[in-house]
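The residues making up each chain are set out below.
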Amino acid sequence: MKFLNFRFIHFFVLRNNPTNRIASSSYSAQAYFHRPVIGKFFFKSNDKDDDFIKRLCRENKFKEAIDILCEQKRLNEAIQMLDRIGKPSALVYSTLIQFCSRNRALDAGKRVHEHFKVSGFVPGVIICNRLLNMYVKCDDLVGAQKLFDDMAERDLCSWNTMISGYAKEGLIEKARDLFEGMPERDNFSWTAMISGFVRCDRPNDALELYRTMQNFENSKSNKFTLSSALAAAAAISRLRIGKEIHGHITRMGLDSDEVVWSALSDMYGKCGSIEEARYIFDKMGERDVVTWTAMIDRYFQDGRREEGFELFSDLLRSGMRPNEFTFSGVLNACADIAAEELGGQVHGYMTRTGFDLFSFAAASLVHMYSKCGNIETAKRVFLGMPQPDLVSWTSLIAGCAHHGQPGEALPLFELLLHSGIKPDHITFVGVLSACTHAGLVDKGLQYFHSIKEKHGLAQTTDHYACIIDLLARSGRFVEAEDMISRMPLKPDRFLWASLLGGCRIHGNVELAKQAADALFEIEPENPATYVTMANIYATAGRWDEVAKIRRVMDERGVVKKPGVSWTEIKREVHVFLVGDTSHPNSKEIQEFLGKLSRRMKEEGFVPNTNFVLHDVEEEQKEQNLSYHSEKLAVAFAIIATPPGTPIKVFKNLRTCVDCHTAIKYISKITDRKIMVRDSNRFHCFENGNCSCREYW
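Let me begin by describing the structure that accompanies this report. (Residues numbered from 1 in each chain as written. Predicted model: local features only at pLDDT ≥ 70, side-chain atom pairs only at ≥ 80, totals over all residues. Heavy atoms only, no water.)

1. Observations regarding the overall build of the chain
Okay, step 1: Of regular secondary structure, the chain possesses 36 helices and six strands.
Okay, step 2: Residues classed as buried in the chain amount to 50% of the 696 residues present.
Okay, step 3: Counted over contacts in the chain with a minimum sequence separation of 6, partners at least 24 positions apart contribute 63%.
Okay, step 4: Of the roughly 33800 Å² of accessible surface on the chain, a fraction of 52% belongs to carbon and sulfur atoms. (Helix = DSSP H or I, 4+ residues; strand = E, 2+ residues; numbered from the N terminus. Buried < 20%, exposed > 50% of the residue type's maximum accessible area, 1.4 Å probe, protein only. Contact = heavy atoms within 4.5 Å. Areas by Shrake-Rupley, 256 points an atom, 1.4 Å probe, with all protein chains shown as cover.)

Structure below.
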């Protein structure tokens, strides 16, 4: 009868897939079901079968979708045969349960479980454990717990399966209750709990449990336990504890294991010891792309971009292909420093190697080109994506907003809504920014209120900061103050900074002082607040207050952040500080600026000295303004490039009013298109006009 059971199921699982038929009569259903049919395309924990198949179809992965449909059909037919067999053997049940588990087929697994009762089959602990594992893998912890409670016999595997299931789902207290009630524990039990605490953002509990584990004679840490303990030390930046674990690893002789090496490198990197992280990285025998990517990202996060780019080059030279996370990190680093040429080279490599247009690396391309001032290429990349995700939509909306193109940003948002993709709070930051840069107050208020009323999202402090910025820039201070007084969230530094910026534009000294006082409490070390207030007082001619602010800055050790501008000419980046004379072409730059200054005055340019923070003669003020970093960068770019060449200049701070006006004149006199990206937005100067339309 047992042989007959296998023959029946063997027939049905193979009937729709003749290429898998094997002549040998020894080929059984068990052998078939253990075959890794769909490889990496297993059902994900939260996907319904039909939804997953539809998603594969949308991604043009038709072969994988068909494979899954065929597997489901054969599985259903095999299960239907159970009713005709009579009383199947334990091996048949075990085979079917394992297949259901592997494919996250919960409904089919429940049918097999139900058949136990109908056929009178009494499962042993091994089959119960396999069924328990199926419930856990399919995220049905309620069904798993019921089975666990009903089991006549449990072994260590039963307990570990439940503990691991609860820990992975974040139900750490339920996992701990089971852990405390275990009759015995093994390394898997300890590791499941320690990693569960790390996953639930409770690193201190994880380290405490790790220490407790060391006191048990029968408990010996393995590479997974140690990796989880290192992750806990990294999460709270406890370098000392991480080094203690490193010592334990060395004593145990596990310092040659790649998993441990990777965890060690990650711990040192996250604890700020990047040199140690690189030492570990270099010592590793075999490094996968995840390890390379993590090390590259550590350099970028530490501000050491040159070393990050160099390591990325080493990765390419090694012959290993970067993944989407690698590309995304490198492209975001390019965006931060506006390295468009390097970003373009990465884009070219991605194209040559056939990167996945569905990956979020494509969204990073949109972000990179937008931040580098090439919004047209960003749009082309976006349009080339078969199905842009929310990140891509948001990147392009924000990019259009920062380029002063609200007429494109807002229609894009409407298209996003029609696409069926739901916006998130970051998307609305981009939308509100578009309204702010264009002065669309009423439109911005409509979008702001729709966040909660229409889209059911909570309004965040970022949204409030955007709307306060919009109102303050428009001089609608009464409405701004009223909104601040009624907002359910505590105003943060971005909101107060937005209000202060609006006060600077309109010369509202008293309200500016209130905003500045709030900022002094939140971040007394930030020089921007002091400088902005000094500018406001200087414009009002209140030089005593300017001097007072300077004294406070000196007493508190606050130093004004220097303005830095840079431009890239023939693959070389040229950096300028205010009054910089260190550049090799400094003399030529100053002579050219002198000629430009005379031409500009002939055209009607009047230097704006309101924001010069020294109570000196007007002539001296004009001279101080002449050597601002962005003017030096623009002048050099003009003399270093052929006539008519567009120019891009980037600045770390907000460009000043005088420079903004001056560059408009320069664009007209030199017949150049000049793009300046400051800390706030892009300004595109052409023929004496700016894309911001004087609203910035």
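2. Thoughts on the pairing of strand β4 (residues 674-677)
Okay, step 1: Here β4 shows a buried face lined by I674 and V676 and a second buried face lined by M675 and R677.
Okay, step 2: Direction of pairing for strand β3 (residues 647-651) relative to β4: parallel, over a ladder of four bridges. Paired with K648 across the two strands is M675, which belongs to β4.
Okay, step 3: Chirality of the crossover, the property in question, places the unit of β3, helix α36 (residues 657-670) and β4 among those that are right-handed.
Okay, step 4: Here β4 pairs with strand β5 (residues 682-686) via four bridges, running antiparallel. Among the inter-strand pairings, I674 is bridged to a residue of β5, identified as F685. (Pairing = 2+ DSSP bridges. Right-handed = clockwise from strand over helix to strand, strands pointing away.)

3. Quick word on the sheet that holds strand β1 (residues 564-569)
Okay, step 1: Strand order across the open sheet formed by six strands is β2-β1-β3-β4-β5-β6, with mixed pairing between neighbours. Edge positions in the open sheet fall to β2 (572-577) and β6 (689-690), since each of these has one partner strand only.
Okay, step 2: Pairing between β1 and β3: two bridges, direction antiparallel. From the neighbouring strand, W566 faces β3, where its bridge partner is F650.

4. Examining unusual backbone geometry
Glycine aside, a negative phi is what most residues show, and trans is what most peptide bonds show.
Okay, step 1: The phi torsion at A338 lies on the positive side, around 55 degrees, for a residue other than glycine.
Okay, step 2: With a relative accessible area of 5%, A338 lands in the buried category.
Okay, step 3: A positive phi is found at D671, a non-glycine position, where the angle reads about 55 degrees.
Okay, step 4: For D671, the position within the fold is in the loop between α36 and β4.
Okay, step 5: By relative accessible area, D671 is classed as exposed at 64%.

5. Description of helix α25 (residues 425-438)
Okay, step 1: Look at α25: 20 Å from first C-alpha to last across 14 residues, which is about the 20 Å you get at 1.5 Å a residue.
Okay, step 2: Taken across its 14 residues, α25 has 10 buried, putting it largely inside the fold.
Okay, step 3: Of the positions making up α25, those classed as buried are T427, F428, G430, V431, L432, S433, A434, C435, T436 and H437.
Okay, step 4: Residues of α25 that are buried in the fold lie against α23 (390-402), α24 (406-419), α26 (441-453) and α27 (461-473).
Okay, step 5: Measuring from the side-chain oxygen of the N-cap residue of α25 to the backbone nitrogen of I426 gives 3.1 Å; that N-cap residue is D424.
Okay, step 6: Backbone geometry just after α25 places G439 at a positive phi near 70 degrees. (Expected span 1.5 Å × (residues − 1). Polar contact = N/O pair within 3.5 Å; in protein donor to acceptor, adjacent residues only side chain to side chain.)

6. Considerations on α24
Okay, step 1: Given a rise of 1.5 Å per residue, 14 residues ought to cover 20 Å, and the 20 Å separating the end C-alpha atoms of α24 matches this to within 8%.
Okay, step 2: Taken residue by residue, α24 has P406, A409, L410, L412, F413 and L416 as its buried positions. The buried residues of α24 all sit within an arc of 155 degrees when viewed along its axis, so they share a single face. Facing away from the buried surface of α24 by more than 90 degrees, the exposed residues are G407, L415 and H418.
Okay, step 3: Looking at the packing, one finds that the buried side of α24 touches α22 (375-383), α23, α25 and α26.
Okay, step 4: Count one or two residues on from α24 and you reach G420, which has phi positive near 95 degrees. (Arc of directions from axis to C-beta.)

7. Some points on the packing of aromatic side chains
Okay, step 1: Evaluation of the coordinates by the stated rule reveals 13 aromatic pairs.
Okay, step 2: Ring centres of F448 and Y464 lie 5.0 Å apart, and the angle between their planes is 75 degrees; this geometry places the pair in the edge-to-face category. Taken together, the positions of F448 in helix α26 and Y464 in helix α27 put the pair 16 residues apart, joining distant regions of the chain. Of the two residues examined, F448 and Y464, each falls in the buried class.
Okay, step 3: Put simply, the rings of F413, F428 and Y447 pair up and form one aromatic cluster.
Okay, step 4: Over the aromatic face of F179 sits the side chain of R185, whose NZ or CZ is 4.0 Å from the ring centroid.
Okay, step 5: We note R287 situated over the ring of F281; from NZ or CZ to the ring centre the distance is 4.5 Å. (Phe/Tyr/Trp six-rings, centres within 6.5 Å; stacked < 30°, edge-to-face > 60°. Lys NZ or Arg CZ within 6 Å of the ring centre and 35° of its normal.)

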